[in-house]
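Read off the chains here:
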Amino acid sequence: MKMERRNFIKSTLALGATCSMPMSLRSAPSDSGGILIHLYLNGGPDFRQLLVPSSESDYGRIYWDHRYPAWGLGSRRGVDALEATMLEGGTDGTPFFIHPVADWLQSEWRLGNVAVVNQVIGSDKRNHELGDIVMDTGDPESSSGDRHRSGWGGRLAREMGQNVVSLASRVRQFAFGPSDLDPNSHDNRDVLSIHNMRQFGLYRPESLETNPSRGGYRESLSRALDAYYRAKISRLGNGSPYKAIGDHYEKLSQQGKLVRERLVDVEETLPLQQMLSGDLPVSDRGFARQCANFLDASHCLDILNASVFSMAYGGFDTHRDQGDRLRDRFQDIFNTQGPLAIMMNTLREKSPELRRRVTIMISGEFGRQLAANGDDGTDHGRGNSVLLIGDGVNGGIYGDLFPDEEIDRYEIRGSDIHGVTGIEHVAHRIAESMAPGSGDRIFQNLVSERLPDSSVLNFLS
Amino acid sequence: MSKHQDKKAKALLAMFVAIAVLVLGVACGGGAGGGLDFRPVYSSAVPSPQHVESTLALQKAMTSLSTLEEDSWDERKVRKVLHLFAFGSSATEEQIQRWATLSPQASIEEIISFNALNPNISPVEGGSPYLNGELTELSKVWESQDTDSEKSRFGLDRWNAPAEVWLRSVRDISLNPVRQRIGLLETNDHMVVNLDASVTSRQVFRYYDDMMTTLAKGSDYGEVLNKAALSAAIATQYNHRENRFEDGVFKGNEDFAREYHQLFFGILGESNTSQHEDVTIRNTAKALTDIRVGRIEVKDGTVLSDTAMVGEEYHYPSDLEILDMPISGGNATEKIGTLSSEAINNEESLRNLPILLIKKLADPTPSGNTMTRLEKAWRDLPTKSLLAFLRSYATSDAFHNEERFRPWTILERRLIIANRLQLTQKERDDYAVVSSWELQQLENGPFRPIHDVFGSLKGEEAMASSRRFSKAWENSTARIWRYTRSSDEKINWQKDWGSVIPKSEDDYVVSDVAEFLWKRFIGDDTRHFGILERSQVYALLASGRDYGLRYDEENPLRSYSEEDLSSSSHQSFIHDLSVSRMSLDHEDDDRRRWANERVGLAIAFIVMTPYMFGQEG
């Protein structure tokens, strides 16, 4: 195992940031536990195009021989020019470059805030659905019919007695807690799905504030529904298929009001707002919305009672035009001007204590094949890397980033990254850091064959 | 010439012009060159064929999905079928009651048909104004009817036209909503096409119509899947139109080669993963070589053609081992055709495909017993007729089963509400209560599936979303006018709930109106229409105000529990509300309008109860 540490730089920077923080900008919650942001890249992200071998290495030569089309290059001859634009990554151990647009990732790497866990495997099949299920449940024994089981994020939150906040456009299985009635099912009572923090809640006519007896249609329906649901929710018990509806009412009516009141005086982050309004470029406005929502949520952690957040970014199933597609997406996720970097840098500036608690886990359902296909893309693989970013991360490379054994397999059509470490072990480590002693309850199918080298789990401080 | 005939003539003219453009376009710019053109003759000038075949014989083969006894077939079950298979439909109470008196098979045969026009479910005085009811025809007719047809959102090449046309077609009283429900299943959830993934509007129209026409004929399901697999839409979406075998090397991607098996047929290769990955998928990618999608000229330039052509020049020339058998053929049509006829009878497909379809359509969490029965029924079908399969399912206790629960998607819930809310075609045309823009904001727009090729937003996902709940709440409160709108002087329109709500003893009695509305919108009997629901609905109907305000004006925000409402003072108050009369047929316009608005208020409440967010079996 090769590892790099930058703890000195990290602690110095954090100290400086703390000293310069104005009191009024501190976040509301006083809790000190870890905060997990689970950022899922739908489609099977090709991290081999994010962290790239040098063309001068043995691995790099074969990589570029078989990979240049997936970078959008018409011939192998373009590699040198492209490589000249790459960002320097690791220089000791396994040297590697970082995708040209990923300058924020590079800066975090240099601060020692990035851990790359390699050859991680979820499902040993190459299909999206099963891959999603295994990554979300953290259970390698899952089958494609297990879409309704709980996710490991939901189970972790349940262990902590907290909620999961889903900022993605749909609630991923990852976020659902277990059902009390059926171990093979989930419920969503611990899930807060939030599209826009500043509009979180239920519509209520302002006129009711001054005149509760106002007789307009809007007022009548608002009162009718509100009174009805207050009486109804206790009737929608655990066995009711409609329980989720009652849960929504409860969360939106109770937490929604508090959240909106809290955020009244909180300034929105300008670049993210500009992205949402179209004044600044961003490939996926929905992702900018998620990042803006997290910043808002960071002011309301006590109201939300949450330490686990679910985010997502789609479009990583790059069978074709991979070069352009990944560039756009990496720009949003790993560039200094992208929403994620803006979110994290804003936190560092305005809420450094909170920033230190945040760990971002970035993964997808599987990796992709080693060589480019004939359509300027890559087809489905199995093993992949998992990225962790945060002040609490022991920066470095865990497991083999570019295994020598792959060199000969580039010639064989269909070859992919061998999965060595089960995703459930990586997730178990994260769960243990957030709720010590909970890991074995959250992950019940841990087998040693999927963790041949436990030192790859040293990625957290 | 009648108004309808005039419309038909105009539509015909518009179509002939369009056909001429299309033919010229192909002749001038077909583009792909070489190979076999299997473009079907464009036939929208031909009236829709009415396939009236009985599927009874096929249904009898499915012994595991035996039909319910006649005496258990009732109005409630009919409503459940209509809600799930027809977005609630525009069926009248008389139709529903009649179907409840027929045998389950006879009733279902009338309701579930894939023909574009089905007078049994959508009877229209004077006949349908459309010739064949295909989306392509509807696009042309509606485009020609727009005042500025150049900018019509229905035009074949407009960026969101398939969604616009499809949404309007579901709300057209003369068209068959069952066809559009199954069309949505096939093209948005099963064999998905995505306008956000390079597929053009024109390709989606062709794809949809071809799928549904093939299904309506009662063709073997393998043929339907085969047609989809070889379509221009799918070849564009997955880009295997670039797959070619050249200089002894395969060039292309394996994307659709995998999903052809997995998504279309339900074959995952579970029994031998490496054989599936290393042989079947790779060779299927080779079988998909030399499918070409050229460009054609349209009025605003050129677009990708809506039909695919196959060639031999870049096609893999030899036999291929796929699904453990040799597959031969000189081009992709031949090879994929042979493969499809085998794949539909593949062991894994027989096991998974029927369950995959029912999970998407009606029952996301079927019990083990239900899955076993569905699988056996599909196996037992001598010809894999989806029509026969769904008819059997809809009359079986696998569907009418208390364990079944199907949460509605946003799209389904909105369409059911719209179809049960809007009483006339004029009202539907003038006030579109379901807009594609709004659906897209909630990520449930037709033909723009949130999961790309894996389909649109699922009911379970809609149910889990606080945001979608709060939007529904907003519609029932901030946008209450959607439900209460009752007149429009500009277009001389008035809502007339009195025309559909039955009277009791010559009067519109609140309790009866309330039950009528509950069943109409929830699509069930009154089992969930308890005292909490009744108190509010009665108050809204009787007075146009909520129960809390009516009961105690000094304390209008108070919530009353079931126990509170059981007290004698509440019971007495509720009774007074329930026996009130409504002026739905009053000669005074204002009083009639107010009565209609109160119905709208009650509906806004009913559709916001939990029971409008899903269907129990």
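Heads up: these notes are all about the structure in this document.

## Here we look at the environment of F605 of chain B
Next, step 1: Relative to the assigned elements, F605 of chain B resides in helix 29 (residues 589-606).
Next, step 2: Residue class for F605 of chain B comes out buried when judged on its relative accessible area of 0%.
Next, step 3: Distance in space between the C-alpha atoms of F605 of chain B and I281 of chain B is 52 Å, their sequence separation being 324 residues.
Next, step 4: Leaving out residues up to four positions away in the same chain, F605 of chain B has contacts with L221, A224, L225 and Y228 of chain A together with E533, Q536, V537 and L540 of chain B.

## Details of helix 14 (residues 339-350) of chain A
Residues and elements named next belong to chain A.
Next, step 1: Here helix 14 contains 12 residues, and its C-alpha end-to-end distance of 16 Å stays within 8% of the 16 Å for a straight helix at 1.5 Å per residue.
Next, step 2: Counting buried residues in helix 14 gives 9 out of 12 residues, a clear majority hidden from the surface.
Next, step 3: Looking only at helix 14, the buried set comprises P339, L340, A341, I342, M343, M344, T346, L347 and R348.

## Considering the interface of chain A and chain B
Next, step 1: Of the residues lining the interface, 58 residues belong to chain A; the matching set on chain B comes to 76 residues.
Next, step 2: Surface buried jointly by chain A and chain B totals about 6000 Å² across both partners, of which 58% is contributed by carbon and sulfur atoms.
Next, step 3: A per-residue breakdown of the area chain A buries against chain B is headed by Y217, Y242 and R413 of chain A, which together make up 14% of the total.
Next, step 4: Note that E254 of chain B is salt-bridged to R413 of chain A, the shortest N-O span being 2.9 Å.
Next, step 5: For the pair chain A and chain B, the number of links is 36 residue pairs in polar contact (both at pLDDT 80 or more).
Next, step 6: Top contributing element to the side of chain A that touches chain B by residue count: helix 8 (residues 217-232) of chain A, with 15 residues.
Next, step 7: Among the residues forming the side of chain A that touches chain B, the class breakdown is 21 nonpolar, 21 polar and 16 charged.

## Some thoughts on a negative patch on the surface
Next, step 1: A cluster of acidic residues, D321, D324, D328 and D376 of chain A, forms a negative patch at the surface.
Next, step 2: Among the structural elements, D376 of chain A can be located in the loop between strand 11 (358-363) and strand 12 (384-390).

## Side note on the environment of L225 of chain A
Next, step 1: By the element assignment, L225 of chain A lies in helix 8.
Next, step 2: L225 of chain A sits in the buried class, given a relative accessible area of 0%.
Next, step 3: Separated by 24 residues in sequence, L225 of chain A and Y249 of chain A place their C-alpha atoms 9.9 Å apart.
Next, step 4: Setting aside residues up to four positions removed in sequence, L225 of chain A forms contacts with W473, S476, T477, F605 and M608 of chain B.

The rules behind each value
- Residues numbered from 1 in each chain as written.
- Chains lettered and ligands numbered in written order.
- Predicted model: local features only at pLDDT ≥ 70, side-chain atom pairs only at ≥ 80, totals over all residues.
- Heavy atoms only, no water.
- Helix = DSSP H or I, 4+ residues; strand = E, 2+ residues; numbered from the N terminus.
- Buried < 20%, exposed > 50% of the residue type's maximum accessible area, 1.4 Å probe, protein only.
- Contact = heavy atoms within 4.5 Å.
- Expected span 1.5 Å × (residues − 1).
- Buried area = accessible area lost by both parts, 1.4 Å probe.
- Salt bridge = Lys/Arg side-chain N within 4 Å of Asp/Glu carboxyl O.
- Polar contact = N/O pair within 3.5 Å; in protein donor to acceptor, adjacent residues only side chain to side chain.
- Nonpolar A, V, L, I, M, F, W, Y, C, P; charged D, E, K, R; others polar.
- Patch = residues over 30% accessible without salt bridge, like charges linked within 9 Å, V, L, I, M, F, W, Y side chains within 5 Å.
- Areas by Shrake-Rupley, 256 points an atom, 1.4 Å probe, with all protein chains shown as cover.
- Lys, Arg positive; Asp, Glu negative; His and termini not counted.
- Charge placed at Lys NZ, Arg CZ, Asp CG, Glu CD.

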